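# Per-entry structural report
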Amino acid sequence: MKNINYIPRKGKIIGKKILAEDIASIEIKLLDKKPFSFIPGQFILVTVLGFGEIPLGISSLPAKKNSFEVTFRAVGLVTEKLFGMSIGEYVGISGPFGNGFPMTHLKNKDLVVVSGGIGLAPIRSLILHIEKKPQFVKSLTLLHGARCEEQLIYREEYSSWSKFTEVNLTVDDCGTDWSGCVGNVTKLYDKVKIKRGSTMIVCGPPKVYKSIIDRYAGKTIAEKDLYFLLERRMDCGVGKCQHCTCGKYYVCLDGPVFSYDKIKYNKEVFS
Amino acid sequence: MSLIIYDSQIPDLLVELAQEFKLYVPVEKDLASFSGQYIWKEYEKSDRLALLYPLTVASPKEFLLPSKDVLFEYDKEEIKKTKSSPQIIFGLSLVDLLAVERLGKVFETPVTDLNFKERRDKTVLVAVDKLSPPQDIEFDVYLQEIGDGVFASFAGSKLGKKIISKKYFENHKVKTPKIYTKKDSYLSDPDLSQAVAKSKNHPIWEELTKTCFGCGICSYVCPLCYCFDTSFEIDFCNNQQGTECRNWSSCLLKDFAAVNSCNYREELKNRIYNWYFHKFVRMPSEYGFEGCVDCNRCIVYCPAKINYQKVLRTVLNDYKKRTKK
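Note that this is a predicted model, so its numbers are computed, not measured. (Residues numbered from 1 in each chain as written. Chains lettered and ligands numbered in written order. Predicted model: local features only at pLDDT ≥ 70, side-chain atom pairs only at ≥ 80, totals over all residues. Heavy atoms only, no water.)

What follows deals with the interface of chain B and chain A. Counting residues at the interface gives 44 residues for chain B, matched by 37 residues for chain A. Taken over both partners, the interface formed by chain B and chain A buries close to 3,400 Å², and the fraction arising from carbon and sulfur atoms is 57%. Interface area lost by chain B to chain A is led by B:V111, B:F232 and B:Y264, which between them contribute 19%. If you look at where chain B meets chain A, you find three salt bridges. In this structure, B:R265 and A:E268 form a salt bridge, with 2.9 Å as the shortest nitrogen-oxygen distance. Connecting chain B to chain A are 26 residue pairs in polar contact (both at pLDDT 80 or more). Mapped onto the side of chain B that touches chain A, the elements with two or more residues apiece are β4 (68-75), β5 (78-81), α3 (94-108), β7 (112-113), α4 (114-121), β12 (228-234), β13 (241-248) and α9 (268-287) of chain B. Here the side of chain B that touches chain A takes six residues from α9(B), the largest share from any one element. (Contact = heavy atoms within 4.5 Å. Buried area = accessible area lost by both parts, 1.4 Å probe. Salt bridge = Lys/Arg side-chain N within 4 Å of Asp/Glu carboxyl O. Polar contact = N/O pair within 3.5 Å; in protein donor to acceptor, adjacent residues only side chain to side chain. Helix = DSSP H or I, 4+ residues; strand = E, 2+ residues; numbered from the N terminus.)

Next comes the structure, spelled out in structure tokens:
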């Protein structure tokens, strides 16, 4: 991106799914005829006129033409408004911004993805990409945790993902029907065998970072092959507003995906 | 021969310029005024001009990056871009001119902020100072005071040439003295950036939290602090209409780096450190210059009387001691 004028493109909501009591996914079609393409892991700014803007990772198949999806939790002014919006209503779209996942680097790798809660949203874009091109990676393992069964987003898709992915799930609290793992995502570390030399992507709350680093960084997984998708407050997307800085990096420009060797000593990421 | 203008001619020049442009000037206020003695404002004939002002409260940043900058207007779903009008900032000190130059680089590289650029392209810069005109900073007109109320006039652009060819300027045989600023010893210290970068664990940041209110006034008066928030303003009579604005912010404010699930810079000491890190580490690495022109506004208007020069000296001296060992 060379220029920015802060005028969002007009997008129409053409699909909406409620994934949990406070989580929804919406499908957006841009109304101008200009192209829109993205790399999994990139984010967009969604504008709700009169309410504000929020950065959201794109969760749909990158090759999908004419529309894309975003998934969000209703936790603030904008997301709560967005949660209540219906098909046919309009939003503003800016971006995509950021680097996205290192797609070239992921080719032919044993890929392990660790996510928590809504962190699965940008990961889904990568999973759908691999579903279309199963040879893209050597193997795919997902470790995903949520607060409870109802908070496991994209539940109905797990069975089709299982055809090409080792899907491992855990929930903090469960009902009587849950026969899977109980506890936070760290519980899955002992249950899943991770091949030495794998590549790992972590997209979840910062509280899981330490356990991941202690267990895998520089051991099973090389530091340069361990990626974190950082969540920060991205207001402009182009490195001007300063909200998303982490030391010398802008999460909106240099990230949101960083390899561990790049941010290992960054005290704004790992304090 | 050189073109000069007498201060007695300047009000007439301003009246003429004000017909074509929005014209902003530094003026002297009532001494009893709480908000400071010198301010920038839109020119009125009754103003007491304060060319060669010692310091204005707010900097001329306001005219290029307004404290509330309307990015666009909307009516139902239709978005309309707002336009800026031609303007002259008349009377910039050399220090403030340098800040404008740097602000331009920040907003025009590597990604060009078209909102800023459109306004900058429509802005005429007239600097007034006792120092000689700079070689490497853009201006349209530069007036160097060479005697009491006498200014040698230099044009830095086509428009500047047009301005100084007006009848208020006279040809005179005068020598313009060459006067340049001395490079400040610590701001130009090659170790400064590294010293700040390596000082995250320095006790001074904790020490500063005892006095700093985290109010952000240093950012607002700084001619080079440029961080912003965006927000909507809704027309209360018609909630289908409104504007999106970007407003000045400050990285010292508590929620600056907060998202719903986490505040990534909750502790004041981390926010204070980030303020210095941005100005003296991140900006030098991004743009090749510090985010400080040494104007001293942040010292004068800080309610806690924090002096960044003292802070930097401490950090720099301790770094030098450490690295010598």
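Residue and element names in this part refer to chain B. The geometry of α3 relative to α4 is characterised by a closest axis approach of 9 Å and an angle of 140 degrees between their N-to-C directions. Overall, the two elements α3 and α4 adopt an arrangement that is oblique. In this structure, α3 crosses over α4, and the sense of that crossing is left-handed. Note on element contacts: α4 touches α3 through F116, K117 and R120, opposite V100, L103, G104, F107 and E108. A class-by-class count of the residues in the contact of α3 with α4 yields four nonpolar, one polar and three charged. (Axes fitted to C-alpha atoms, helices over the stretch in contact; angles between N-to-C directions. Parallel < 35°, antiparallel > 145°, perpendicular 65-115°, else oblique. Left-handed = near helix turned anticlockwise from the far one by under 90°. Nonpolar A, V, L, I, M, F, W, Y, C, P; charged D, E, K, R; others polar.)

This part takes up the sheet that holds strand β4 (residues 43-48) of chain A. Note: strands within a sheet are paired through backbone hydrogen bonds, in either parallel or antiparallel orientation. Residues and elements named next belong to chain A. In spatial order, the strands read β5-β4-β7-β2-β3-β6; together these six strands make up an open sheet with antiparallel pairing. On the outer flanks of this sheet lie β5 (52-57) and β6 (68-73), each paired with one strand and no other. Each adjacent strand pair in this sheet contributes to an overall mean axis angle of 40 degrees, direction not counted. Sheet analysis places strand β2 (residues 9-20) next to strand β7 (residues 90-97), joined by four bridges and oriented antiparallel. Residue pairing in the sheet places G11 in a bridge with V91 of β7. (Pairing = 2+ DSSP bridges.)

Residues and elements named next belong to chain A. Split into domains, chain A comes out as domain 1 (9-97) and domain 2 (103-229). Here the C-alpha centre of domain 2 lies 24 Å away from the C-alpha centre of domain 1. Counting residues at the interface gives 19 residues for domain 1 and 19 residues for domain 2. Together domain 1 and domain 2 conceal approximately 1,400 Å² of surface at their shared face, both sides included; 57% is due to carbon and sulfur atoms. Interface area lost by domain 1 to domain 2 is led by L19, L61 and R73, which between them contribute 34%. Seen at the junction of domain 1 and domain 2, the total is two salt bridges. With its nearest N and O atoms 3.0 Å apart, the salt bridge here joins R124 to E69. Linking domain 1 with domain 2 are six residue pairs in polar contact (both at pLDDT 80 or more). Mapped onto the side of domain 1 that touches domain 2, the elements with two or more residues apiece are β2 and β6. (Domains from an automatic or database assignment.)

Helix length check: α3(B) (15 residues) gives 21 Å between terminal C-alpha atoms against 21 Å at 1.5 Å per residue, within 8%. Counting buried residues in α3(B) gives eleven out of 15 residues, a clear majority hidden from the surface. (Expected span 1.5 Å × (residues − 1). Buried < 20%, exposed > 50% of the residue type's maximum accessible area, 1.4 Å probe, protein only.)

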